[in-house]
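Here is what each chain is made of, one letter per residue.
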Amino acid sequence: MAAAWEEIRRLAADFQRAQFAEVAHRLSERNCIEIVTKLIAEKQLEVVHTLDGKEYVTPAQITKEIHDELHVCGGRVNIVDLQQVINVDLLHIENRANDIVKSEKGIQLVLGQLINESYLDQLAEEINDKLQEAGQVTISELCKAYDLPGDFLLQALSRRLGRIIHGQLDQENRGVIFTEAFVSRHRARIRGLFTAITRPTPVSSLITRYGFQEHLLYSLLEELVNAGRLKGTVVGGRQDKAVFVPDIYSRTQNNWVDSFFKQNGYLEFDALYRLGIPDPAGYIKKRYKSAQLLFLRAACVGQEIVDQVEASVEEAISSGNWIDVATLLPSSLSVEDVGILLQQVMRSLNKSSSGLVFSDTIAVSEKFLSTCADLFSDLMQQKAEKEIKNNPVNLITEEDLKQASCLENSYANKKDKKDERRKKATEGSGSVRGGGGGNAREIKIKKTKKKGRKDADSDEESQGTATGRSKKPEFPFMSQEEIEDVLKTRMQDCPEELITEIAEHLRRPLTKTYQEVVRSVFTSSTSSSGANRRQAMKDLQEEFSNLYNNIRLFEKGAKYFTDDTQTNLAKHLLKTLCTDITNLVFNFLASESMMTTENYSTITSEGRIKILGKLPEDTKGPLTKLHTSLNGKSIEDFLSCLDSAVDICGIMVKKGDKKKERQVLFQHRQALIEQLKVTEDPALVLHLTSVLLFQFSTHCMLHAPGRSVPQIINFLSGKIPEDQHLLLVKYHGLVVKQLMSQTKKTEHGDSDTKDNMEEEEGAESIRKELQEITTSIKDLVLRPRKFSGTEE
């Protein structure tokens, strides 16, 4: 230890000598910097460079200079300003400032500024001076004045209330500080102002006009009202719509409302609004807690009015009439309110009465609606009969078929049993029924027919179920406008709006009822007695046989011609007689399937397709082929399809024998001769003469169109004398010329040109020549000469 001290003393002496001795070697500035830098790096020295780099400053010196500057600035200094004063980097200043705030409670860092308690005390004194002068200060204004955040300022001032600042903080609005004198002054102003008010006044207008502090006013006003110092109430709470209603006005208001309600039995919300009541519904509920009231959209009615309306509606419904409730109620009630009242009354009456509401204000009984519907009964019957008569094909739905089958169930059962017994007897004896001789043929209704139809019915029913049951009615009754016209003529005392809505209400039921009337009329028109049915069936078979045999005879005559002419004749026959016999078959099936036609010849191709859609599957196939064969070129194919169709239908076909054929030929020839005698049309004379000459020469009937006359004349060459044939050819040429001149005249019109005059002269000469020859042409048939020809 002694050695150590000796060493220290020796070093001190050496150091002293070195100081006083003349310097032989000095350290340069650069060496000093390197030494200090080395010491800082090894953390043996803690200093900070100044911004100019000429000095080193210790942290303690920075802290001391911050304190000094804060004191000089009065307790508030910005850190950015300290950088310029201390001349060191801002980071070192911020670090030292944070250390100061942590170590000293009286200093705070706010928005980059150091503030101490002395500054806050001084600030509180300044604010107190302003408060005593103005009576109140707001934190927001202080924030703008002193550039400090509101929360910091409110916290700092709250700690100094009652000590430095002589005032209080508003509990409702903590952003305001006021003095007791300010509150007392406001209380006196509010008390005087609201005492003088005699009618409802919006509080917001008073605040704007007299400059009251809103929250303070509501607090003091509530305090004065609760204490009984102000006679009145604040309606609407602390909102912009708040209204102060003085007691004197409330008493007058209540007296008016009570008097009006007692006299009229209702209250309008608009009237209460005009009285200054902002919430009429709430006011009424509060005022009449025990009364039974019905609240509407814009009014409130008492039980007396409800009872009056209920009694009137019940009387109208029970008497089978209608009533407009609007005539019983005050005119000030809107249509919507009247409708709500009527709906409420109808709900209370639904258990015992039945009625409907029209036009929102009219109650109508079901009995009255039934009376209106009964007005159309006669019209329905007349229209249904006219519908059945006018429509050539009236198709009835599947439900109609079922209903019609129920009406004729007994007759159908008897008929089925008779047919079955007859079939068994016929099959057992092997006889052929009918009076047509050996050539007669009967196609009977088979037992499987009804079964097939039943299956088809079930198929259609299932298909109808799959596609949906709702179908558009095939027989519309009346439009809504037509229904309105009928109601207007029968019920002239009803308002037009009621008639319109009743018409709309009745349109669907009337249409549905009309469908049933149509079905009943149809059923009654088609359900004839058994004797009539047998007579109708007999007439049908007779007509069918005549058409069938005529087609066979005409086909025989057509076979004398070549292929092209024969095809044209076949097409003409298909379009005429073949179409008629097809329509006859379809008409028969239509009547069997609850469909009807007045005249089978009026059935079109679309009508046949419509009937096909209602037929059973086993019947539809052959009938479809028959319908399609009409568009073909072969009579044989048509007759083959016709035979298949009559097998299904059960129509007896009596084929004619030789005697019958001669009869038909004679009747056909006589008919044509009678027509030839009376006609003067050259084209028709040529046509009839050619056909009759053909029948004379071949003993076959011919059914030919006008365009086939040249082929018939050509065929007659060699069958009649040469002079007669030449006369026919000449007459044919003149007829063609006359038709061509008539066509040209139609195209060119009645102009007086030279060519037209020449054409007219030519046409006149042709006409005269035709008149001269026409008698000779008729005599070829009417006064025939014996001629050699090929006759069969």
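Look above for the structure.
Basis of the calculations
Residues numbered from 1 in each chain as written. Predicted model: local features only at pLDDT ≥ 70, side-chain atom pairs only at ≥ 80, totals over all residues. Heavy atoms only, no water. Helix = DSSP H or I, 4+ residues; strand = E, 2+ residues; numbered from the N terminus. Buried < 20%, exposed > 50% of the residue type's maximum accessible area, 1.4 Å probe, protein only. Contact = heavy atoms within 4.5 Å. Areas by Shrake-Rupley, 256 points an atom, 1.4 Å probe, with all protein chains shown as cover. Phe/Tyr/Trp six-rings, centres within 6.5 Å; stacked < 30°, edge-to-face > 60°. Lys NZ or Arg CZ within 6 Å of the ring centre and 35° of its normal. Pairing = 2+ DSSP bridges. Axes fitted to C-alpha atoms, helices over the stretch in contact; angles between N-to-C directions. Core = buried A, V, L, I, M, F, W, Y, C linked by side-chain atoms within 4.5 Å. Patch = residues over 30% accessible without salt bridge, like charges linked within 9 Å, V, L, I, M, F, W, Y side chains within 5 Å. Salt bridge = Lys/Arg side-chain N within 4 Å of Asp/Glu carboxyl O. Lys, Arg positive; Asp, Glu negative; His and termini not counted. Charge placed at Lys NZ, Arg CZ, Asp CG, Glu CD. Left-handed = near helix turned anticlockwise from the far one by under 90°. Nonpolar A, V, L, I, M, F, W, Y, C, P; charged D, E, K, R; others polar. Arc of directions from axis to C-beta. Parallel < 35°, antiparallel > 145°, perpendicular 65-115°, else oblique.

1. With respect to the overall build of the chain
Logical step 1: A count of helical and extended segments in the chain gives 33 helices and 19 strands.
Logical step 2: Burial statistics for the chain: of 792 residues in total, 39% are counted as buried.
Logical step 3: Contacts in the chain between residues at least 24 apart in sequence constitute 66% of all its contacts with a sequence separation of at least 6.
Logical step 4: With the model as given, the accessible surface of the chain reaches about 46300 Å², and the carbon-plus-sulfur share is 50%.

2. Concerning the packing of aromatic side chains
Logical step 1: Applying the stated criterion across every chain, the model contains ten aromatic pairs.
Logical step 2: Between the aromatic rings of Phe-194 and Phe-244, the centroid separation amounts to 4.9 Å while the plane-to-plane angle is 85°, which identifies the pairing as edge-to-face. Pair noted here: Phe-194 is in helix H9 (residues 180-195) and Phe-244 is in strand E11 (residues 243-246), with a separation of 50 residues, a long-range link.
Logical step 3: You can call Phe-194 buried: its relative accessible area is 2%.
Logical step 4: For the pair Phe-260 and Tyr-266, a centre-to-centre distance of 5.5 Å together with 75° between the ring planes defines the contact as edge-to-face.
Logical step 5: What makes Phe-260 partly exposed here is its relative accessible area of 22%.
Logical step 6: Taken together, the aromatic side chains of Tyr-560, Phe-561, Phe-694 and Phe-715 make up a single cluster linked through ring pairs.
Logical step 7: If you follow Lys-285 out to its NZ or CZ, it ends over the ring of Phe-295, 5.3 Å from the centre.
Logical step 8: Directly above the aromatic system of Phe-715 lies the positively charged group of Lys-719, at a separation of 4.6 Å from the ring centroid.

3. Here's the deal with the sheet that holds strand E8 (residues 176-178)
Logical step 1: Read from one edge of the open sheet, three strands run E6-E8-E7, paired in antiparallel fashion. At either end of the open sheet lies a strand with only one pairing partner, and these are strand E6 (136-138) and strand E7 (168-169).
Logical step 2: Sheet contacts for helix H7 (residues 139-146): E6 and E8; angle to E6, the most-contacted strand, approximately 65°.

4. Remarks on the nonpolar core
Logical step 1: Judged by nonpolar contacts, the single largest core of 39 residues is most densely connected at Phe-544, Ile-551, Leu-623, Phe-638 and Leu-642.
Logical step 2: Listing elements by their share of this core, those giving two or more residues are helix H24 (530-558), helix H25 (563-592), helix H26 (605-612), helix H27 (617-629), helix H28 (635-649) and helix H29 (658-678).
Logical step 3: In terms of residue count, H25 provides more of this core than any other element does, twelve residues in total.
Logical step 4: Residues in contact with Ile-551, not counting those within four places in the same chain, are Leu-573, Leu-577, Cys-578, Ile-581, Ile-635, Phe-638 and Leu-639.
Logical step 5: Judged by nonpolar contacts, the second largest core, of 33 residues, contains Leu-672, Phe-694, Ile-712 and Val-781.

5. Some thoughts on unusual backbone geometry
Logical step 1: Although it is not a glycine, Asp-360 adopts a positive phi angle of roughly 70°.
Logical step 2: Turning to its location among the elements, Asp-360 is positioned in the loop between strand E16 (355-358) and strand E17 (362-365).
Logical step 3: Even without glycine at this site, His-699 takes up a positive phi of about 60°.
Logical step 4: Secondary-structure assignment places His-699 in the loop between helix H30 (682-698) and helix H31 (709-716).
Logical step 5: With relative accessibility at 40%, the residue His-699 sits in the partly exposed group.

6. Re the sheet that holds strand E5 (residues 113-116)
In a beta sheet, neighbouring strands pair by backbone hydrogen bonds and run either parallel or antiparallel.
Logical step 1: Read from one edge of the open sheet, three strands run E3-E5-E4, paired in antiparallel fashion. Looking at which strands have only one partner, the edges of the open sheet turn out to be strand E3 (76-78) and strand E4 (107-110). Taken over all neighbouring pairs, the strand axes of this sheet differ in orientation by 20° on average, direction set aside.
Logical step 2: Bridge count between E4 and E5: four bridges; the pairing is antiparallel. The residue of E5 that forms the bridge with Gln-108 is Ile-115.
Logical step 3: Sitting on the sheet, helix H4 (residues 79-86) touches E3, E4 and E5, and the angle it makes with E3 is about 75°.

7. Describing the environment of Ser-219
Logical step 1: You can see Ser-219 is positioned in helix H11 (residues 214-227).
Logical step 2: Considering only alpha carbons, one finds Ser-219 and Arg-238, 19 residues apart in sequence, at a separation of 9.6 Å.

8. Some details on a positive patch on the surface
Logical step 1: There is a patch of like positive charges on the surface, built from Lys-556, Lys-658, Lys-659 and Arg-662.
Logical step 2: Among the elements that make up the positive patch, the one with the highest residue count is H29 (three residues).
Logical step 3: Note on placement: Lys-659 falls in helix H29.
Logical step 4: A relative accessible area of 60% places Lys-659 in the exposed class.

9. What about the packing of H9 against H11?
Logical step 1: At a closest axis distance of 10 Å, the pairing of H9 and H11 adopts a crossing angle of 65°. The chirality of how H9 crosses H11 is right-handed. Two secondary-structure elements touch here, H9 through Phe-182, Val-183, His-186, Arg-187, Ile-190, Arg-191 and Phe-194 and H11 through Leu-216, Leu-217, Leu-220, Leu-221, Glu-223 and Leu-224.
Logical step 2: Broken down by class, the residue content of the contact of H9 with H11 amounts to nine nonpolar, one polar and three charged.

10. Some details on helix H14 (residues 280-287)
Logical step 1: Looking only at H14, the buried set comprises Pro-280, Tyr-283 and Ile-284. For H14, the angular spread of the buried residues around the axis is 95°, confining them to a single face.
Logical step 2: Taken together, the buried residues of H14 touch helix H12 (247-264), strand E12 (266-268), helix H13 (269-274), strand E13 (293-295) and strand E14 (299-302).

11. Observations regarding the pairing of E11
Logical step 1: On E11, burial covers both faces: Val-243 and Val-245 on one face and Phe-244 and Pro-246 on the other are all buried.
Logical step 2: With two bridges joining them, strand E9 (residues 201-202) and E11 adopt antiparallel strand pairing. Within the sheet, the bridge partner assigned to Pro-202 lies in E11 and is Val-243.
Logical step 3: Sheet analysis places strand E10 (residues 232-235) next to E11, joined by four bridges and oriented antiparallel. Bridging across to E11, Val-234 finds its partner in Phe-244.

12. Quick word on the side chain of Asn-254
Logical step 1: As for its placement among the helices and strands, Asn-254 is situated in helix H12.
Logical step 2: Those residues in contact with Asn-254, other than ones at most four positions away along the chain, are Tyr-283 and Arg-287.

13. Concerning the pattern of salt bridges
Logical step 1: For the structure shown, the criterion picks out 19 salt bridges.
Logical step 2: Salt-bridge contacts for Asp-99 lead to Arg-96; the nearest nitrogen and oxygen are separated by 2.9 Å. Taken together, the residues Asp-99 and Arg-96, both in helix H5 (residues 90-103) and three residues apart, mark about one turn of the helix.
Logical step 3: The residue Arg-767 makes a salt bridge to Glu-764 at a minimum N-O spacing of 2.2 Å. Residue Arg-767 and its partner Glu-764 are both found in helix H33 (residues 754-782); the two are separated by three residues, about one turn of the helix.

14. Here's the deal with the packing of helix H3 (residues 59-72) against H5
Logical step 1: Close contact between H3 and H5 brings their axes to 10 Å; oriented N to C, the two are set at 70°. The angle between the axes of H3 and H5 places the two elements in the roughly perpendicular class. Of the residues in H5, those in contact with Pro-59, Ile-62, Thr-63, Ile-66 and His-67 of H3 are Ile-93, Arg-96, Ala-97 and Ile-100.
Logical step 2: Per-class residue counts for the contact of H3 with H5 are six nonpolar, two polar and one charged.

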